[in-house]
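Working through the structure, step by step
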Amino acid sequence: MVDLKRQYEKIKLEIDQAITEVINSTAFINGPAVKSFQEDLEQYLGVGHVIPCANGTDALQVAMMALGLKPGDEVITTNFTFIATAEVIALLGFTPVVVDVDPDTFNIDPEAVRRAITPRTRAVVPVHLFGQCADMDAIMQIADEYKLFVIEDNCQAIGAAYTFKNGTRKMAGTIGHVGCTSFFPSKNLGCYGDGGAIFTNDDDLAKQLRVVVNHGMTVRYYHDYVGVNSRLDSIQAAVLKVKLARLDQYAEARRKAADYYDKAFSGHSALKIPTRFERSTHVFHQYTLVTSGIDRAALQEFLTSREIPAMIYYPVPLHMQKAYLDPRYREGDFPVTEHLCNTVISLPMHTELDEEQLEYITKSVLEFVNR
Ligand SMILES: *Cc1c(COP(=O)(O)O)cnc(C)c1O
């Protein structure tokens, strides 16, 4: 699904030098490389504070801890996402409330959010799924009306830009009260191990986020809060600094691949190409088709036999996951999510796809669906 080897070979000199510098400095934890990457990312995103941490799941957990939510508080999120989003809500003793998604953008349906609000609702977690922003005009409006925190799960859309109806433009992850991202190797900005970060424009919240990631410590060895240990390694930060400088170029390469796929599949009765939401740029973390009238498992198998990886993101909605079964929810309650789980398929999407590969992939898909 991704080709990190070829990407590395093109930036090998810079990456190797950056890693060697950290090793020579022996500042492996909280070294200057972390500060330097943090500042670059703050500038790139146009956000007041970037707080690096150990991974995207921690970023979400720390964000929720720092906002001071209490056990029993309800947190609304999308039913169609990676498990981490709901996992941290459950782990912290809050109540995950899942809602259905828009059938075209796959992102959280703002009207479904509105219907799910109760007096116990404290926060909403939109996920910018597959590389484009959720409808943040509507989400921020609802959050404002009901005094809810907005925590953006931006693990899949770093580098995407959102344009509000009034013309204001903001980077994904800097729109809500707090934004979270992951630097897992296969993400759009991936390091060579685990990594993550939290973004906010709120100075007080930034202070609290820094306390929570560092054992709840306010003054050295004085712990005013129960926190966690969540840090970004200096070596990972050094890698990320090199790759951040190329993030827009990487997004462009992904969009070009998506354009090629779109052209090949557009108008086909068995394949619905991804809808591009007009208020967000799309950084194509995934290229996801909605199939109809074909045997999806057989398509996946056929592609595998041609050595083309294809993945189902995601096969099971949150409310049907064993660990998250809840008497409030039944099969059939979330028709859009359930339909997508049964019909979507994602094709290889990364920065190194060349014309020859794209031609081979599209021809293979079409050969299967046309037979
Ligand atoms: C990857 C991902 C996460 C978790 O990030 P990790 O760094 O793997 O912990 C959370 N939410 C979404 C939507 C993701 O895609």
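Each remark here, short or long, concerns the structure printed above.
Residues numbered from 1 in each chain as written. Predicted model: local features only at pLDDT ≥ 70, side-chain atom pairs only at ≥ 80, totals over all residues. Heavy atoms only, no water.

Near the ligand, the surroundings consist of 13 residues, among which Gly 56, Thr 57, Asp 153, Ser 182 and Lys 187 are the closest. At a separation of 3.5 Å, an oxygen atom of the ligand approaches a polar side-chain atom of Asn 55. Take Ser 182: an N or O atom from its side chain is 2.7 Å from an oxygen atom of the ligand. Starting from 380 Å² of accessible surface for the ligand in isolation, the protein chains cover 92%. (Near = heavy atom within 4 Å. Polar contact = N/O pair within 3.5 Å; in protein donor to acceptor, adjacent residues only side chain to side chain. Areas by Shrake-Rupley, 256 points an atom, 1.4 Å probe, with all protein chains shown as cover.)

Bringing the packing of helix H10 (residues 296-305) against helix H12 (residues 355-369) into the picture now. Between H10 and H12, the least distance of the axes is 10 Å, while the angle of their chain directions is 140°. Overall, the two elements H10 and H12 adopt an arrangement that is oblique. As H10 packs across H12, the resulting crossing turns out to be right-handed. Mapping the contact onto sequence places Ala 298, Leu 299, Phe 302 and Leu 303 in H10 and Ser 364, Val 365, Glu 367 and Phe 368 in H12. (Axes fitted to C-alpha atoms, helices over the stretch in contact; angles between N-to-C directions. Helix = DSSP H or I, 4+ residues; strand = E, 2+ residues; numbered from the N terminus. Parallel < 35°, antiparallel > 145°, perpendicular 65-115°, else oblique. Left-handed = near helix turned anticlockwise from the far one by under 90°. Contact = heavy atoms within 4.5 Å.)

Our next topic: the environment of Gln 249. Looking at the secondary structure, you find Gln 249 in helix H9 (residues 247-265). Residue Gln 249 is classed as exposed on the basis of its relative accessible area of 53%. Considering only alpha carbons, one finds Gln 249 and Ser 269, 20 residues apart in sequence, at a separation of 33 Å. (Buried < 20%, exposed > 50% of the residue type's maximum accessible area, 1.4 Å probe, protein only.)

Counted under the stated rule, the structure contains 19 salt bridges. We note a salt bridge from Arg 122 to Asp 73, for which the minimum N-O separation is 3.1 Å. Of this pair, Arg 122 sits in strand S4 (residues 121-125) while Asp 73 sits in the loop between helix H3 (56-66) and strand S2 (74-78); the two residues are 49 residues apart in sequence, bridging distant segments of the chain. Given the relative accessible area of 11%, Asp 73 is considered buried. Note that Asp 135 and Arg 279 form a salt bridge whose closest N and O atoms lie 3.0 Å from each other. Here Asp 135, found in the loop between S4 and helix H6 (136-146), pairs with Arg 279, found in the loop between strand S12 (271-272) and strand S13 (287-291); they are 144 residues apart in sequence, far enough to count as distant. (Salt bridge = Lys/Arg side-chain N within 4 Å of Asp/Glu carboxyl O.)

Take the pairing of S13 next. Among the five residues that make up S13, five are buried, leaving the element largely enclosed by the rest of the structure. Here S13 shows no split at all, with Tyr 287, Leu 289 and Thr 291 on one side and Thr 288 and Val 290 on the other all buried. In the sheet, S12 pairs with S13 via two bridges, with the strands oriented antiparallel. Bridge assignment links Lys 272 to a residue of S13, and that residue is Val 290. (Pairing = 2+ DSSP bridges.)

Attention now goes to the nonpolar core. Membership of the largest hydrophobic core comes to 37 residues, with the highest contact counts inside it found for Phe 80, Tyr 261, Phe 265, Tyr 287, Leu 303 and Leu 347. Going through the elements one at a time, H9, S13, H10, helix H11 (335-343), strand S14 (344-347) and H12 are the ones with two or more residues in this core. The leading source of residues in this core is H12, at five residues. Split by domain, this core shows at least three residues from each of two domains, domain 1 (4-244) and domain 2 (247-370). Here Tyr 261 is in contact with Tyr 287, Leu 347, Pro 348, Met 349, Leu 353, Leu 358, Ile 361 and Thr 362, once residues within four sequence places are set aside. (Core = buried A, V, L, I, M, F, W, Y, C linked by side-chain atoms within 4.5 Å. Domains from an automatic or database assignment.)

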